[in-house]
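# Structural overview for review
The residues making up each chain are set out below.
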Amino acid sequence: MCCLSHSCVVCVSPEEERRVRANDREYNEKFQYASNCIVTSKYNVITFLPVNLFEQFQEVANTYFLFLLILQLIPQISSLSWFTTIVPLVLVLSITAVKDATDDYFRHKSDNQVNNRQSQVVIHGSLQKEKWMNVRVGDIIKLENNQFVAADLLLLSSSEPHSLCYIETAELDGETNMKVRQSLSVTAELGDPNSLASFDGEVVCEPPNNKLDRFCGLLCWRDCKYPLSNHNMLLRGCVLRNTETCYGLVIFAGPDTKLMQNSGRTKFKRTSIDRLMNTLVLWIFGFMVCMGVILAVGNAVWEREVGSLFQSYLAWDLPVDNFLFSAFLSFWSYVIILNTVVPISLYVSVEVIRLGHSYFINWDRKMFCPQCNTAAEARTTTLNEELGQVEYIFSDKTGTLTQNIMSFSKCSINGHFANHHLDDPEEEWEERLDFSSFNPLADPDFCYYDNGLLKSVKLGDLHSHEFFRLLSLCHTVMSEEKKEGELMYKAQSPDEGALVTAARNFGFVFRSRTPGTVTVTELGRPVTYTLLAILDFNNIRKRMSVIVRNPEGRIRLYCKGADTLLFERLHSSNNHLMNITTDHLNEYAGDGLRTLALAYRDLSEEQWEEWSERHRQADRATDCREDRLADIYEHIEQDMMLLGATAIEDKLQEGVPETIAILSLANIKIWVLTGDKQETAVNIGYSCKMLTGDMTEVFIISGNTVLSVREELRYSNYLYSSLYPSISLFLPLAIYLSIPPSIHLSLYSSLYSISGEFALVINGHSLAHALEADMEGEFVSTACVCRAVICCRVTPLQKALVVELIKKHKKAVTLAIGDGANDVSMIKTAHIGVGISGQEGIQAVLASDYSFSQFRFLQRLLLVHGRWSYLRMCRFLCYFFYKNFAFTMVHFWFGFFCGFSAQTVYDQYFITLYNIVYTSLPVLAMGIFDQDVPEQRSLEYPKLYEPGQLNLLFNKREFFICITQGIYTSVVLFFVPYAILSHGTQGTGEPLADYQTFAVTTATALVIVVSVQIALDTGYWTAINHFFVWGSVGSFFTIMLAMHSQTLFSIFPNQFHFVGSAQSTLVQPLVWLTIVLATVICIVPVLAFRFLKLDLKPQLSDTLVRQKTRKPAGRCMGGVRVGGVPEGRLGARGGFRRSGYAFAHQEGFGELITSGKNMRLSSLALANFASRHSSSWIDTLNPTPTAPLWFRHDYTIYTMDHMS
C-alpha cells in the first residue's frame, strides 16, 4: 500500500537531512557519513611522540622547567650545570609518556574488542561476515536472537509474525521490560538475502541527534513514500530478544548513532588537589620572583657600594659593565637556584604514588567477584585521592543496584501468609521444594521453600486455586513450546514472567494463547478459556484485567494492580479480609518488595452483553474516546472480591542496603537517576533503605509545566522550612509561593544547612523544567536538603545535566556509577566515573575511571582506598613542600653573606641528588603505604571519611603551615652552623670557618632533619619504609664520601671541587654537635605542638589509634524501620502505610494480543480473525497515558499451532 503520512514530516531543511540508499555504498559514500568504527584512543605509532610532547608541554610546570633549562645553558647567569634540570625533566617526560602510552594501549584494546565484533552483512545476495567497524551506512545486516544491535537500523523484516521484533533497551534507557518494533508491511516480505540484495529503497530522514524516543523519516521505494517512526527503528545498544532473526538497514553508524550521541564528550578530569597545586605553584613562583628581586636589589647595592672597590684587580666578567646589569643577571641566576622550591620531581613522585594506589585497587582480593571472575580495575591513575572526597553519588538503578532478576517471594491468599523463606527461628533447616514430582511441567529453576502453600494447592483449597488461576490468565505473556513440556515464556516485563512462572510451578501452567483463547493446564488437566476482553494496563489505571469464559460458560473478570486503587473497587463484604491483607502488604512494603493486589468478579451473561455493547459504542466515539473507554473500564471493575496479594522481589545486588547505609553515615548523599518508572524506582529506594518510613517527608515533584514544578518545589521548601522555626519566615503559603525566584533564593539560602530526614522524587518531565536556568537554583536548594533524591524517567542526557548542576552549584566532588550505555554520559560528566561490569554490555566500563562487578565494592573503594589515597597524598604534599623550602631557603639567607653573587650553599651534585635520591624514596614510601587506622576501622567508623569532604588535610592553611615550618628549618640550618662554625676550630687549632666545611655541615644537618621529620610523619611503618628512610641517610653519606674522594677528583678534576671535604669535616666533634643541636632545635617545637594538639584537639583517627581495646562501631543499619506512607505523599510524619506497588509493564500489549499480530495461527483462523480488527495496534505501544486501549470479544475457540 502506497501512502504518505501527514503526521510525520521530515522537519529539517534539505541541506540538513540524511539520504541513505540501500545496497549502494558508492552513492552513500558521496555524503561522507561516519563509519561504524568507534575510536576512543588518542594516539597511533606515528603521532604519539609529537602529540604527547605537545600535550605535556601544555602543562605550566613542564614549560617552566624547559625555560629553566634554557637559562642554565647561558653561562653568564647559571651557577648550576645543565644536567641538574635536564635529568629530572627527561625522567618526568618519559614516565608520563609511558603511562599515557599504556592507557592508550588499553583504549586501543577496548576499541578493537568492540570494532571487531562480527556481523552478517548482505552483499551480492549472500550473507558475509564483516567486522562492526567495516559496516557502512546503507548496508543490510542480519541479526539473530540475543545479539547486540551494531548500528541504528531501519527494521526491514523479521522471522516473527507480521515482522514484529522484540528488543531490550536496558542499555539505552534502563528499562528491563521488552519493547516491540515492527517493519513496514511493504518490506516485511524481504525475508531472504536474495530479495534483500535487490532492495534499492532510499531513506530520507532527520540528521543524527540524541533523541532516543523520536525518529522521523520517509522510505522512498517503487515510486511510493512510506512514513517512518521510532517504532520502525532498532538502535545501537539494544539487544534482540525472543526473535530468531531480523534484517535491518543501517541509517546511522558509529559516532552518529543515538547511543553515541548520548554518551557525551570525554572530559579531561583533574582532582581538586591538582587544581589547588596549580594555584600554589603560581603563588610559589611569585614568592620565588619576589626573593629573586630582593636578592637582585641586594646585588645592585652591594656592587655599587662594595664591589666597585675591587674593580682594579677583580673586574666584572663580560658583558657586565655596570651594577644594574649585574643585578639583572643575578636575578635570573637566583631564579635558577631557587627553582627547587617546586622541583620537577614533585610531579614524578605524584604520578608514582597514584600508580601505586591504582595497583592496590587492582590487587584488592576483597573487591574480586568469583562469580563473575572479575577484579576491580583502576582505569585511570589520576583520580585516586579524589575518591576520598566524594560528597554526592549518582547511581543508576537497573543492573547497578539490582540484578535484573525478579522472583516470586511472598503472597497472601485469603488472609493467609505464604513466605518464600521460613521465618521461624526454631526451624533448623530449610529445604527447597521439589515441584517436579507434583508437576512435570514445573520450571526447574524456580526456588521456593514454604511447603504450606504447596500443600494447600494439593489439598484443593479453592482460594489457592483461584489465586494461581488468576496469575495464569491475567497477563500478556506469550508461550513457546518447541518440545512437549519444555515451556519458554516471552514476558513483556520481568514482573509478569515471575508471576506466571510461580503459577506454573504451583500447578496452573499457562500453555498457549490465540487472539480469542487462553489454554492452561490446571493440576494436570488442560482447560481452554475464551478470552473475551483485555483491559490493558497503563500508568494511570495502574491495573490490568481480563474477562474470560470458562468451559462451563461462567464469565469472570480477573484483575491485578496497585492495592491503593484496587481496594477502592472491592465489594463491602471484603473489609475484614482487606484489613488482614493490608497488614501483609505493609510487611511486604517494609521488606522493599513489589506488590500487586488480586481480585475477581463474576459477571452474568446480561451484565457482559450490556457492558460489551457500551464498550463498542465508546470505542467508536470520535471525541473523548480515551476518557469514554476509561469510564467503561471503571464501570466493570467494581464490586470485586479480594483474592490476596503477591510480593515480587526485584533482587538487589548483594550488600546494597548495607553499602548505602554506611555511605550515608559518611555524609555522602546518594541520588538515583533511572530511566525506569516512578513506582519501580521508589520501591527500589525502600528496598535499598534510601527511603524509610521514619523519614519526615518524601516529596513527589510531578508537574508538567514550569509553573506547576516551581509551585511544587516551593511548597516542599515551605513545608520543611516550617519544621524549623529558627529559619522559617512565617509567611502564609500564598505569599510564599509568589516570591520572585531571586528573592526566594536569598531568603532561603539557609536551607542548605538543614539536616533532616527528607527525600525527593522527581520525574523526567518535571526535571526538564527544573533544569531550566531560572529554576535550577530552587531545584538545587530543595534537593540538597534531602538525604535521598530519586529522578525517574530521565534520559541519558538529563542524567549528565543533573550531575553538572551539582558540580556547578555545590562545588562538591561527584561520583557517577552505572552499568549501561545510558549511563555513559553521566559517568563522563562526574568527577569520578565508576562502571559496573554487569549484564548490559561494556560501554559503561569503557567510559569509566574505575570498574568492578558489584555495587557493594563502592564502600571499600571510597572508605578504604579513597580515604587512604587522600590521606597519603596530603601527607606527601605537606612533607614535600616542607623539605624543599627547608632546602631552598638556605640559599636565600646565604645570599646576604656572599655578596648576592648567586653562589650556592651546597655542592651542585648534592643539589641534583637531593630530590631524586636522598629524600625521594622515604616520601614515596609514605605516600604509597601510610595509614592512620587499619582498613577495618575505616569501614566501622564512616565518620573518618569526612576530613576529605571538608578538605581538611591539605588546603591553603595547611600549605602555609608547611612552608612556615620549612622556612623556620632553613633559618636554623643556616644560622646555627654559621654561628658555631664561624668561631669554631679543629683539634689542631685550625679554624672551621671555610665554605666547604659549612656546605658539608649544612647538607648533613638538612638530610638528618628531614629524615627525622618523615619518621615522625609516618603513621604506618613497613619494612620498605625502614629501608627507604634509613637507607636514604646511608646513601647520602656513601655518595658524599665517594664524591669527595681523591679517586673521582683524579679522574674528573674539573667536576669534583670538594675533594676531601667530607672526610675532614665529619671527623670533627664540633660539627656533629652542631648537627645535633640544629636537629633538636628543628624537631622539638614540632613534637611539642603535636602533643598539645593531640591532647587539646584530637581528631577521630587520633582517638582510635589511642584506643587500647577495639570497640565495634554501630552501623545503624539493623534498626532502620521501613514503614508505610500514604499513596499521595510517599513519606510523612506519623508512619502511614506505603503501597509497595510497582509493575514494569508497558501499555499496548493487550491490543497486540487480541489483534493476533504476534501469533502464528493457522491460516484459516488468522483470516477469520484479522478481518475483525484494526491494524493500528502498533501505535498504542508508545508509552503515553493517552494511547487507546483495545478489547477483544469473541466466543469462538481458535486452533493454534505451537509458537516458535
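All values derive from a computational prediction rather than experimental measurement. (Residues numbered from 1 in each chain as written. Predicted model: local features only at pLDDT ≥ 70, side-chain atom pairs only at ≥ 80, totals over all residues. Heavy atoms only, no water.)

Of regular secondary structure, the chain possesses 41 helices and 33 strands. Evaluated residue by residue, the chain yields a buried proportion of 58% over its 1204 residues. When the accessible area of the chain is evaluated, it comes to approximately 48,700 Å², of which 58% is carbon and sulfur surface. (Helix = DSSP H or I, 4+ residues; strand = E, 2+ residues; numbered from the N terminus. Buried < 20%, exposed > 50% of the residue type's maximum accessible area, 1.4 Å probe, protein only. Areas by Shrake-Rupley, 256 points an atom, 1.4 Å probe, with all protein chains shown as cover.)

What follows covers the nonpolar core. Core analysis: the biggest nonpolar cluster contains 102 residues, and Leu346, Phe876, Leu877, Tyr906, Phe910, Phe954 and Leu1006 have the highest contact counts within it. Ranked by residue count, the leading element in this core is helix α28 (residues 857-895), at 18 residues. Apart from residues lying up to four places away in sequence, Tyr906 is in contact with Phe887, Val890, His891, Ile911, Tyr995, Ala999, Thr1002, Ala1003 and Leu1006. (Core = buried A, V, L, I, M, F, W, Y, C linked by side-chain atoms within 4.5 Å. Contact = heavy atoms within 4.5 Å.)

With that settled, the discussion passes to the sheet that holds strand β8 (residues 202-205). Taking strand neighbours across the sheet as the criterion, the four strands line up as β1-β8-β9-β10 in an open arrangement whose pairing is antiparallel. What marks the edges here is a single partner per strand, and that holds for β1 (18-21) and β10 (224-228). The mean inter-strand angle of the sheet, taken between neighbouring strand axes irrespective of direction, is 20 degrees. As paired strands, strand β9 (residues 217-221) and β10 are joined by five bridges and run antiparallel to one another. Paired with Gly217 across the two strands is Leu228, which belongs to β10. (Pairing = 2+ DSSP bridges. Axes fitted to C-alpha atoms, helices over the stretch in contact; angles between N-to-C directions.)

Here Met826 lies in helix α26 (residues 824-829). Taking the C-alpha atoms as reference, Met826 lies 4.1 Å from Ala800; in sequence the two are 26 residues apart.

What the rule picks out here adds up to seven cavities of 30 Å³ or more. For the second largest cavity, the lining is made up of 14 residues, of which Asp907, Phe910, Phe1036, Met1040 and His1044 are closest to its centre. Across the lining of the second largest cavity, the residue classes break down as 12 nonpolar, one polar and one charged. (1 Å grid on protein atoms, 1.4 Å probe; cavity = no way out; pocket = protein on both sides within 12 Å on 5 of 7 lines; lining within 4 Å. Points joined across faces, edges and corners; volume = space filled by probe spheres on them. Nonpolar A, V, L, I, M, F, W, Y, C, P; charged D, E, K, R; others polar.)

So, on to the side chain of Asn230. Inspection of the secondary structure puts Asn230 in the loop between β10 and β11 (233-234). Setting aside residues up to four positions removed in sequence, Asn230 forms contacts with Arg181, Leu212, Asp213, Arg214 and Phe215.

Let us now look at the sheet that holds β11. Spatial strand order, β3-β2-β4-β13-β5-β11: six strands in an open sheet with antiparallel pairing. Across the chains shown, the open sheet's two edge strands, defined by having one partner strand only, are β3 (126-131) and β11. Both strand β5 (residues 152-158) and β11 contribute to a ladder of two bridges, which runs antiparallel. Residue pairing in the sheet places Leu154 in a bridge with Met233 of β11.

What follows is about unusual backbone geometry. Unlike most non-glycine residues, Leu523 shows phi in positive territory, near 55 degrees. In this structure, Leu523 sits in the loop between β21 (517-522) and β22 (525-535). One non-glycine residue, Ala902, adopts positive backbone phi at about 65 degrees. When its relative accessible area of 5% is taken as the criterion, Ala902 is described as buried.

Note: strand β16 (residues 402-413) against strand β17 (residues 416-419), four bridges, orientation antiparallel. Bridge pairing in β17 links Ile413 to His416. Between β16 and β17, which pair antiparallel and follow one another directly, the connecting turn spans two residues, one of which, Asn414, has a positive phi of 55 degrees.

A separate point is the pattern of salt bridges. A side chain of one charge can pair with a side chain of the opposite charge when the charged atoms of the two come close. The final tally for this structure, using the stated rule, is 47 salt bridges. When the shortest N-O distance is used, the salt bridge between Glu466 and Arg469 registers 2.5 Å. One end of the pair, Glu466, and the other, Arg469, are both in helix α12 (residues 462-473), three residues apart, so they sit about a helical turn from each other. Across this residue pair, the class does not change: Glu466 and Arg469 are buried. A single network of salt bridges, built from pairs that share partners, joins Glu466, Arg469, Glu522, Arg525, Arg556 and Asp602. (Salt bridge = Lys/Arg side-chain N within 4 Å of Asp/Glu carboxyl O.)

Another point: the environment of Val121. The residue Val121 is located in strand β2 (residues 118-123) in this model. Judged by its relative accessible area of 1%, Val121 is buried. Residues in contact with Val121, not counting those within four places in the same chain, are Ser126, Leu127, Gln128, Glu130, Val135, Asp139, Ile140 and Ile141.

Once that is clear, we can look at the pairing of β1. With burial as the criterion, only one face of β1 is covered, namely that bearing Arg18 and Val20; the residues Arg19 and Arg21 on the opposite face remain uncovered. As judged from the four bridges shared by β1 and β8, these two strands associate in the antiparallel manner. Directly across from Val20, in β8, lies its bridge partner Val203.

The next point concerns helix α18 (residues 656-665). Owing to its 3.6 residues per turn, the α-helix brings residues three or four apart onto one side. Restricting attention to buried positions, one finds in α18 the residues Val656, Thr659, Ile660, Ala661, Ile662 and Leu663. Elements in contact with the buried residues of α18: β15 (390-395), β26 (641-652), β27 (669-673), α28 and α31 (935-940). Directly beyond the C-terminal end of α18, a positive phi value near 65 degrees is found at Asn667.

Before going further, it helps to examine the packing of α28 against helix α30 (residues 920-929). Angle between the axes and distance between the axes: these two values describe a pair of packed helices. Between α28 and α30, the shortest axis-to-axis distance is 7 Å and the interhelical angle comes to 160 degrees. Considering their axes alone, α28 and α30 lie roughly antiparallel with respect to each other. Crossing of α28 against α30: the hand is right-handed. Here Arg872, Arg875, Phe876, Tyr879 and Phe880 of α28 come into contact with α30, specifically with Val923, Met926, Gly927, Ile928 and Phe929. (Parallel < 35°, antiparallel > 145°, perpendicular 65-115°, else oblique. Left-handed = near helix turned anticlockwise from the far one by under 90°.)

Here we take up a nonpolar patch on the surface. Together, Ile294, Phe896, Phe897, Val971, Phe975 and Tyr978 make up a nonpolar patch on the protein surface, roughly 500 Å² of accessible area in all. A total of three residues in the nonpolar patch trace back to one element, the largest contributor, which is helix α33 (residues 956-981). You can see Val971 is positioned in helix α33. (Patch = residues over 30% accessible without salt bridge, like charges linked within 9 Å, V, L, I, M, F, W, Y side chains within 5 Å.)

In the predicted model, the chain carries a mean pLDDT of 82, and 84% of its residues have values of at least 70. Confidence drops under a pLDDT of 50 for residues 742-755, and excluding neighbours within four residues, the segment shows 30 contacts in the predicted structure. Segment residues 1161-1204 is flagged for pLDDT under 50; beyond a separation of four residues in sequence, or across chains, it makes 124 contacts in the model. (pLDDT = per-residue confidence, 0-100.)

The next subject is the packing of aromatic side chains. Tallied over the full model, the rule gives 61 aromatic pairs. Here the aromatic residues Phe892, Trp893, Phe894, Phe896, Phe897, Phe900, Phe974, Phe975, Tyr978, Tyr995 and Phe998 are joined through ring pairs into a cluster of three or more. Here the basic side chain of Arg117 rests over the ring of Trp132, its NZ or CZ set 5.0 Å away from the ring centre. Across from the ring centre of Phe148, 5.4 Å away, lies the NZ or CZ of Arg117, which sits over that ring. (Phe/Tyr/Trp six-rings, centres within 6.5 Å; stacked < 30°, edge-to-face > 60°. Lys NZ or Arg CZ within 6 Å of the ring centre and 35° of its normal.)

At a closest axis distance of 8 Å, the pairing of helix α16 (residues 605-619) and helix α17 (residues 625-636) adopts a crossing angle of 165 degrees. Taken together, α16 and α17 sit at an angle that is classed as roughly antiparallel. The interaxial crossing formed by α16 with α17 has left-handed handedness. Within the contact between the two elements, α16 uses Trp611, Arg614, His615, Ala618 and Asp619 and α17 uses Arg625, Arg628, Leu629, Ile632, Tyr633, His635 and Ile636. Looking at the contact of α16 with α17, its residues break down into six nonpolar, two polar and four charged.

Inspection of the secondary structure puts Ala61 in helix α3 (residues 60-72). Sequence spacing of Ala61 and Val342 is 281 residues, and the spatial spacing of their C-alpha atoms is 8.9 Å.

A separate point is the state of the cysteines. The full count for this structure, using the stated rule, is zero disulfides. With no disulfide of its own, Cys786 lies 8.7 Å from the sulfur of Cys784, the closest cysteine sulfur. The exposure class of Cys786 is buried, given its relative accessible area of 0%. (Disulfide = S-S within 2.5 Å.)

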